[in-house]
Amino acid sequence: MKLTFQKTALLNGINIVLKAVPSKTTMPILECILIDASTDEIKLTANDMELGIETKVEGDILEKGKIALDAKLFSEIARKLSDSDSLVTIESDEKFNTVITCENSVFKIQGKDGEEFSYLPYIERNKNITLSQFSLKEVIRQTIFSISVNDSNKMMTGELFEVNGDTLRVVSLDGHRMAIRKIVLKDEYESTKVIVPGKTLNEISKILTGDNEKEVQIFFGANHILFEFDDTIVVSRLIEGEYFKVDQMLSSDYETRIVINKKEFLDCIDRATLLVREGEKKPIIIEITDNSMELRIDSAMGSMNENIDIDKEGKDILIGFNPRFLIDALKVIDDETISIYLVNPKAPCFIRDDEENYTYLILPVNINQNQAR
């Protein structure tokens, strides 16, 4: 095999597939990136058996072939070669000895047989949806913070993708909060419900350009999901099982509704957390009275209180929250003013817009009388 690339194109391709190289594996071949130039195009592939990424790279095929190269070494070599517009040549023989040349640099490394590499699973392309790269990137950004990083409940480490007609609903929850985003698609589609691993969505989000003009096609298989965009394919195993009954957790009842400037609210909570050490669980106390919200925090480092003007309908309320959960939700809302719905100090609060394009549910924390005053 003999191939030539512009360094920029090669490095970009490596960086895309590198996200699917496992950090630990009992199969050494999976620690490699497959270079497949056995047809008329050059493809790079990495696969950790849960997540697989394949991307096409622009280059010239002087001799066809395929080889698997150690991902870490290959990416480091490519990164440290000369200028970005330099020409890189990769050549390998029948014993998989590989020579990487760029200007005055010549690296000789040992490759592995490309035929031993685990190919991406085949997915039938008869059930799919299409949306813009911008929409998918935004939906991930606005929900991913609510997944659980703890594997004790597998469902919580993924996100529900639910298609109904022309609507995609994406849901994430971790037992303390829930994030929901709804987007309207251009066409009507077959109803589908799948649970996509958070790791997959995190990696896809890093690769997407976020261009509103470019589209992503999502194909749903029995056990896998496939994302196709630009010259890249991402295949992921789905999380099996029945997702939580989301609609039963949602309520339109409320005793108190407030409308507040989002930036003012976020900045105030941000200031309050200056007094909370890393890992310290101190609630932010929120007291809502007529047209005023008072926020208080008390910690070993000191205390702070601040008032914000609000529009209120309903009852006065005193309630406590984990400030981090409020910050995470507020940061991803783009609206200038937001509506917050509350029932009582022990019931979840909802932050949502009138069309319910986004809904954030946050459970309160118990506060004692000493904290309350």
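Residues numbered from 1 in each chain as written. Predicted model: local features only at pLDDT ≥ 70, side-chain atom pairs only at ≥ 80, totals over all residues. Heavy atoms only, no water.

## Some remarks on the overall build of the protein chain
Right, so step 1: Looking only at helices and strands, one finds eight helices and 25 strands in the protein chain.
Right, so step 2: When the 373 residues of the protein chain are sorted by exposure, 52% land in the buried category.
Right, so step 3: Within the protein chain, contacts between residues at least 6 apart in sequence are counted, and of these 68% link residues at least 24 apart.
Right, so step 4: Just so you have it, the protein chain exposes about 18600 Å², and 45% of that area is on carbon and sulfur atoms. (Helix = DSSP H or I, 4+ residues; strand = E, 2+ residues; numbered from the N terminus. Buried < 20%, exposed > 50% of the residue type's maximum accessible area, 1.4 Å probe, protein only. Contact = heavy atoms within 4.5 Å. Areas by Shrake-Rupley, 256 points an atom, 1.4 Å probe, with all protein chains shown as cover.)

## With respect to the nonpolar core
Right, so step 1: Residues Ile35, Leu136, Ile218 and Phe227 are the most contacted members of the largest nonpolar core, which totals 59 residues.
Right, so step 2: Residues in contact with Leu136, not counting those within four places in the same chain, are Leu131, Phe161, Ile204, Leu208, Val216, Ile218 and Phe227. (Core = buried A, V, L, I, M, F, W, Y, C linked by side-chain atoms within 4.5 Å.)

## Section: the sheet that holds strand β19 (residues 292-299)
Right, so step 1: Strand order across the open sheet formed by four strands is β20-β19-β18-β22, with antiparallel pairing between neighbours. Of all strands in the sheet, those bounded by a partner on one side alone are β20 (302-309) and β22 (317-321). For this sheet, the mean inter-axis angle between neighbouring strands, taken without regard to orientation, is 20°.
Right, so step 2: Bridge count for β19 against β20 is eight bridges, and the pairing is antiparallel. Each residue of the ladder has a partner; that of Ile297, found in β20, is Met304.
Right, so step 3: Against the sheet, helix α6 (residues 262-272) makes contact with β18 (284-289), β19 and β20, and its axis sits at roughly 175° relative to β20, the strand it touches most.
Right, so step 4: Relative to β18, helix α7 (residues 323-331) is tilted by about 70°, and along the sheet it contacts β18, β19 and β22. (Pairing = 2+ DSSP bridges. Axes fitted to C-alpha atoms, helices over the stretch in contact; angles between N-to-C directions.)

## A short note on the sheet that holds strand β16 (residues 232-237)
Right, so step 1: Spatially, the nine strands line up as an open sheet ordered β10-β6-β2-β3-β4-β16-β15-β14-β11, and their pairing is antiparallel. Each end of this open sheet is capped by a strand with a single partner; those strands are β10 (112-113) and β11 (128-132).
Right, so step 2: Relative to strand β14 (residues 215-220), β11 runs antiparallel, the two sharing five bridges. Bridge assignment links Ile129 to a residue of β14, and that residue is Ile218.
Right, so step 3: Running at roughly 90° to β11, helix α3 (residues 133-141) makes contact with β11, β14 and β15 (224-229) of the sheet.

## What to know about a negative patch on the surface
Right, so step 1: On the surface, a cluster of negative charge is contributed by Glu63, Glu91, Asp93 and Glu94.
Right, so step 2: Structurally, Asp93 can be placed in the loop between β7 (87-92) and β8 (97-102). (Patch = residues over 30% accessible without salt bridge, like charges linked within 9 Å, V, L, I, M, F, W, Y side chains within 5 Å. Salt bridge = Lys/Arg side-chain N within 4 Å of Asp/Glu carboxyl O. Lys, Arg positive; Asp, Glu negative; His and termini not counted. Charge placed at Lys NZ, Arg CZ, Asp CG, Glu CD.)

## What about the pattern of salt bridges?
Right, so step 1: Applying the stated criterion across every chain yields a total of 31 salt bridges.
Right, so step 2: Residues Asp36 and Lys66 are paired through a salt bridge, measuring 4.0 Å at the closest nitrogen-oxygen approach. Of the two residues, Asp36 is situated in strand β2 (residues 32-37) and Lys66 in strand β6 (residues 65-70); the sequence distance between them amounts to 30 residues.
Right, so step 3: A residue is classified by how much of its surface remains accessible, and Asp36, at 12% relative accessible area, is buried.
Right, so step 4: Shared partners join several salt bridges into a network, and the residues in it are Glu41, Lys43, Glu54 and Lys56.

## Points about the environment of Phe265
Right, so step 1: You can see Phe265 is positioned in helix α6.
Right, so step 2: Put simply, Phe265 and Leu295 are 30 residues apart on the chain and 9.3 Å apart in space, counted from C-alpha to C-alpha.

## Comments concerning the packing of helix α1 (residues 7-17) against helix α2 (residues 71-80)
Right, so step 1: Here α1 crosses α2 at 150°, and the two axes come no closer than 10 Å. Here α1 and α2 pass one another in a crossing that is left-handed. Packed against α1, whose contacting residues are Lys7, Leu10, Leu11, Ile14 and Asn15, the element α2 presents Phe74, Ser75, Ala78 and Arg79 at the interface.
Right, so step 2: Class assignment for the residues of the contact of α1 with α2 results in five nonpolar, two polar and two charged. (Left-handed = near helix turned anticlockwise from the far one by under 90°. Nonpolar A, V, L, I, M, F, W, Y, C, P; charged D, E, K, R; others polar.)

## Focus: the pairing of β18
Right, so step 1: Buried residues dominate β18, accounting for five of its six residues.
Right, so step 2: Inspection of the sheet shows β18 paired to β22 by five bridges, in the antiparallel sense. Within β22, the residue paired with Ile286 across the bridge is Ile319.
Right, so step 3: Note: β18 against β19, five bridges, orientation antiparallel. Directly across from Ile286, in β19, lies its bridge partner Leu295.
Right, so step 4: Between the antiparallel neighbours β18 and β19 lie two residues, among them Asn291 with a positive phi of about 55°.

## Quick word on the side chain of Arg169
Right, so step 1: The residue Arg169 is located in strand β12 (residues 158-173) in this model.
Right, so step 2: Of note is the side chain of Arg169, whose polar atom sits 3.0 Å from the side chain of Asp247.
Right, so step 3: Those residues in contact with Arg169, other than ones at most four positions away along the chain, are Leu160, Phe161, Glu162, Ile180, Arg181, Lys182, Val246, Asp247 and Leu250. (Polar contact = N/O pair within 3.5 Å; in protein donor to acceptor, adjacent residues only side chain to side chain.)

## Regarding the packing of aromatic side chains
Right, so step 1: Going through the model one piece at a time under the given rule, you end up with four aromatic pairs.
Right, so step 2: An aromatic cluster is defined as three or more aromatic residues linked by ring pairs; in this entry it consists of Phe145, Tyr358 and Tyr360.
Right, so step 3: It is Arg352 that lies over the ring of Tyr341; its NZ or CZ is 4.5 Å from the centre.
Right, so step 4: The ring of Phe350 has Arg352 lying over it, and the distance from NZ or CZ to the ring centre is 5.3 Å. (Phe/Tyr/Trp six-rings, centres within 6.5 Å; stacked < 30°, edge-to-face > 60°. Lys NZ or Arg CZ within 6 Å of the ring centre and 35° of its normal.)

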